[in-house]
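Working through the structure, step by step
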Amino acid sequence: MVSFPWLSLLWLLPLAGAVLVIVMPPSWRQFAKWLGLVVAVAVLAVSIVITAGFDTTGAAYQFIESHPWIPAFGAGYTLGVDGIAVVLVLLTTGLVPLLILAGWNDGGSRSRGPHGYVALTLTVESMVLISLVSLDVLLFYVFFEAMLIPMYFMIGGFGEGAHRSRAAVKFLLYNLFGGLIMLAAVIGLYVVTAQHGSGTFDFRTIVSAVSSGSLGVDPAVLKALFLGFMFAFAIKAPLWPFHRWLPDAAVESTPATAVLMMAVMDKVGTFGMLRYCLQLFPDASTYFRPLIVVLSVIGVVYGAVVAIGQTDIMRLIAYTSISHFGFIILGIFVMTSQGQSGSTLYMVNHGLSTAAVFLIAGFLISRRGTRSISAFGGVQKVAPVLAGTFLVAALATLSLPGLAPFISEFLVLLGTFNRYWLAAAFGATALVLSSVYMLWLYQRVMTGPVRDGNEKIRDLVPRELVVVAPLIVLLVLLGFYPKPVLDIINPAVGHTMTTIGQQDPAPTVPTGTAEGPHR
């Protein structure tokens, strides 16, 4: 009996919705938006069905679909999800309906503006989803690259900044260059499998061969292939020093597009590190681990320090994401169960907190017409709900205990300390730095006397409250009770740790006195 192809429905439904939206008559502007929203909610419903049916005690990969695609090259249409993919699928499908609502007026005045904007949003969602559920390396690569095209048009065609075209080109060139390097590595991986059997792109087959030692490849070759994959993922994530495209792209986009890019699309980069870099190249990952840990810690501190000096609200928030991605990558490559569970949970929590703080800031900027921090002041007196929700989102961004990002950041630091205590010590400094930039931002924008031009700022309207409220509720709920998400994540992390042959280091507790150890 063939099970229902839920994963195919998951990614094809938003793609079909995008096609329906784009072919609508130009005059159906409102209907195009509503159809896009209905499709996004339907995709969310499919992801909930998949999550409800996922067995955390069962096989590592579930809802498997496998069909021939390019048999001559060993490529197949092979889909499946583990616990890590499931929670990221939920994050993606949960955010997109909120982003369509948040960007309800982002289509511009062109006759088909709303059609294009909604269709591009659904297309990005579709391509992110198939990247998360693909179990074929070539299939993953195709959509890993293809998602750049709709995002390019969303930044350059619908962005609000004066330099949006330049930011869009910068985004595309950085990511395309990384993708070309990865393409060489993908081809190299196929050649390696062909030299030691029948060539294949099947992820599970290659991982099995690597784990059993039957691949028999020169370690130097595997290190080179690892660098090809890692380079592309480090640009998309992004990891310092490959981050230069992100602040410009985030600032020049609409807030909803920026969140789609940072909270949804960029997670494919960190997901790729966790799935493809570690499991396809475990020895190479271990070899380069110290270097990547150092770059991650630099990114954590760099993003936080640079954020403090920003005068643009959106650019400040963009740099906080660079710091957070440093934490995520750090947790992945310390190769401890706490670190990887914390990183996966951090991907979810970062998506929620970044969406909340970026969208609320966007609502505020749309009212005032400027991103300059110095133009604001006293907003909490004229828009108390907007200021209050921004405060909660800001506190979540700085990982205040009781809000969701704290648990994930704590797990990452704990997992890092068990293997690299000095890296954990430097990473922990970001907790202080994040308090500086977020609380100082809130103080300058929301408190004090009402500055000229701010007295007419209105509070959140019902549509905006519908967007913000679920994010705030989830930040609080997951801050106090992350267990349901961790229950899905932990078995997948355990499978990854076993696959790459890593074990958590035994805790070392100093014993004895100054005279010598106790016996």
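Bear in mind the structure is a predicted one, so any value in this text is a computation, not a measurement.

1. Here's the deal with the overall build of the chain
Helix and strand content of the chain: 21 helices and two strands. In terms of overall dimensions, the chain has C-alpha extents of about 75 × 70 × 40 Å along its principal axes. In the chain, buried positions account for 59% of the 519 residues. For the chain, the share of sequence-separated contacts (at least 6 apart) that also reach a separation of at least 24 residues comes to 82%. Surface exposure of the chain reaches about 19500 Å², of which carbon and sulfur atoms provide 68%. Side-chain charges of the chain comprise 27 positive and 23 negative groups, with the mean position of each set lying 9 Å from the other.

2. Points about the packing of aromatic side chains
For the structure on display, the rule yields 26 aromatic pairs. Taking 5.5 Å as the distance between ring centres and 75° as the angle between the ring planes, the aromatic pair formed by Tyr117 and Phe158 counts as edge-to-face. A residue pair is termed long-range when its members are at least 10 positions apart, and Tyr117 in helix 4 (residues 113–133) and Phe158 in helix 6 (residues 148–158) qualify at 41 residues. For Tyr117, a relative accessible area of 4% puts it in the buried group. Of the residues examined, Phe158 reaches a relative accessible area of 12% and is grouped as buried. Both rings, one in Phe229 and one in Phe281, keep their centres 5.4 Å apart while their planes meet at 55°; by these two values the pair is tilted. Taken together, the residues span a long stretch of sequence, with Phe229 in helix 9 (residues 219–236) and Phe281 in the loop between helix 12 (267–280) and helix 13 (282–308) at a distance of 52 residues. For the residue pair Phe229 and Phe281, the accessibility class agrees, reading buried in each case. Taken together, the ring pairs in this structure connect Tyr61, Phe140, Phe144, Phe203, Phe226, Phe229, Phe233, Tyr276, Phe281, Tyr287, Phe288 and Phe333 into an aromatic cluster.

3. Some remarks on the packing of helix 14 (residues 313–333) against helix 18 (residues 404–417)
Interhelical geometry of helix 14 versus helix 18 gives an angle of 45° and a closest axis separation of 9 Å. The pairing of helix 14 with helix 18 is recorded here as oblique in orientation. For the crossing formed where helix 14 meets helix 18, the hand is left-handed. Where helix 14 abuts helix 18, its residues Phe327, Leu330 and Gly331 lie against Glu409, Val412, Leu413 and Thr416. Tallied by class, residues from the contact of helix 14 with helix 18 come to four nonpolar, two polar and one charged.

4. Quick notes on the side chain of Thr397
Among the structural elements, Thr397 can be located in helix 17 (residues 384–397). The class of Thr397 is buried, set by a relative accessible area of 4%. Of the polar contacts made by the side chain of Thr397, one reaches the backbone oxygen of Ala393; its length is 2.9 Å. Apart from residues lying up to four places away in sequence, Thr397 is in contact with Thr320, His324, Ser353, Val357 and Met438.

5. What to know about helix 21 (residues 483–499)
Taking 1.5 Å per residue as the helical rise, helix 21 with its 17 residues ought to reach 24 Å, and the 24 Å between its terminal C-alpha atoms agrees with that figure. A maximum bend of about 25° is found in helix 21 at Ile489, where proline Pro491 lies one to four positions downstream. Of all the positions in helix 21, only Val485, Leu486, Ile488, Ile489, Ala492, Val493, Thr496, Met497 and Thr499 are classed as buried. Two residues or fewer past helix 21, Gly501 is found with a positive phi of approximately 70°.

6. So, helix 19 (residues 421–446)
Since the α-helix packs 3.6 residues into each turn, any two residues three or four apart lie on the same face. If you check helix 19, its first and last C-alpha atoms are 38 Å apart, about what 26 residues at 1.5 Å a residue would give, namely 38 Å. Of the residues making up helix 19, those classed as buried are Ala423, Ala424, Gly427, Ala430, Leu433, Ser434, Tyr437, Met438, Leu441, Tyr442, Val445 and Met446. Buried-residue contacts for helix 19 involve helix 13, helix 14, helix 15 (337–368), helix 16 (379–382), helix 17 and helix 18. In the segment just after helix 19, Gly448 is the residue with positive phi, at about 80°.

7. Observations concerning the pattern of salt bridges
This structure, assessed with the given rule, holds six salt bridges. Of the charged contacts in the structure, one is a salt bridge between Asp312 and Arg371, with a shortest N-O distance of 2.7 Å. In this pair, Asp312 is assigned in the loop between helix 13 and helix 14 and Arg371 in the loop between helix 15 and helix 16, connecting sequence segments 59 residues apart. With relative accessibility at 13%, the residue Asp312 sits in the buried group. Put simply, Arg367 and Glu464 hold a salt bridge, and the shortest N to O gap is 2.6 Å. Here the residue Arg367 occupies a position in helix 15, and Glu464 occupies one in helix 20 (residues 462–480), the gap between them amounting to 97 residues.

8. What to know about the packing of helix 1 (residues 6–22) against helix 4
Where helix 1 contacts helix 4, the axes come no closer than 8 Å and their chain directions differ by 165°. As far as their axial angle goes, helix 4 and helix 1 are roughly antiparallel. With respect to the hand of their crossing, helix 1 and helix 4 are arranged in left-handed fashion. Taken together, the residues of helix 4 that come into contact with helix 1 (itself represented by Leu7, Leu10, Trp11, Pro14, Leu15, Gly17, Ala18, Val21 and Ile22) are His115, Gly116, Val118, Ala119, Leu122, Thr123, Glu125, Ser126, Leu129, Ile130 and Val133. Tallied by class, residues from the contact of helix 1 with helix 4 come to 14 nonpolar, five polar and one charged.

9. Let's talk about the nonpolar core
In this structure, Val137, Phe171, Phe229, Met261, Leu280 and Phe333 are the most contacted members of the largest nonpolar core, which totals 195 residues. Top element by residues in this core is helix 15. It accounts for 15 residues. If sequence neighbours within four positions are ignored, Leu280 has contacts with Val137, Leu189, Phe203, Ile206, Val207, Val210, Phe229 and Arg275.

10. Here's the deal with the environment of Gly116
Among the secondary structure elements, Gly116 is positioned in helix 4. Setting aside residues up to four positions removed in sequence, Gly116 forms contacts with Ile22 and Phe158.

11. A closer look at the environment of Phe390
Checked against the element boundaries, Phe390 lands in helix 17. The class for Phe390 is buried, based on a relative accessible area of 3%. Each C-alpha atom, one on Phe390 and one on Ser353, is 10 Å from the other, the two residues being 37 residues apart in sequence.

Parameters and conventions
Residues numbered from 1 in each chain as written. Predicted model: local features only at pLDDT ≥ 70, side-chain atom pairs only at ≥ 80, totals over all residues. Heavy atoms only, no water. Helix = DSSP H or I, 4+ residues; strand = E, 2+ residues; numbered from the N terminus. Buried < 20%, exposed > 50% of the residue type's maximum accessible area, 1.4 Å probe, protein only. Contact = heavy atoms within 4.5 Å. Areas by Shrake-Rupley, 256 points an atom, 1.4 Å probe, with all protein chains shown as cover. Lys, Arg positive; Asp, Glu negative; His and termini not counted. Charge placed at Lys NZ, Arg CZ, Asp CG, Glu CD. Phe/Tyr/Trp six-rings, centres within 6.5 Å; stacked < 30°, edge-to-face > 60°. Axes fitted to C-alpha atoms, helices over the stretch in contact; angles between N-to-C directions. Parallel < 35°, antiparallel > 145°, perpendicular 65-115°, else oblique. Left-handed = near helix turned anticlockwise from the far one by under 90°. Nonpolar A, V, L, I, M, F, W, Y, C, P; charged D, E, K, R; others polar. Polar contact = N/O pair within 3.5 Å; in protein donor to acceptor, adjacent residues only side chain to side chain. Expected span 1.5 Å × (residues − 1). Bend = angle between axes of the 7 residues up to and from the residue. Salt bridge = Lys/Arg side-chain N within 4 Å of Asp/Glu carboxyl O. Core = buried A, V, L, I, M, F, W, Y, C linked by side-chain atoms within 4.5 Å.

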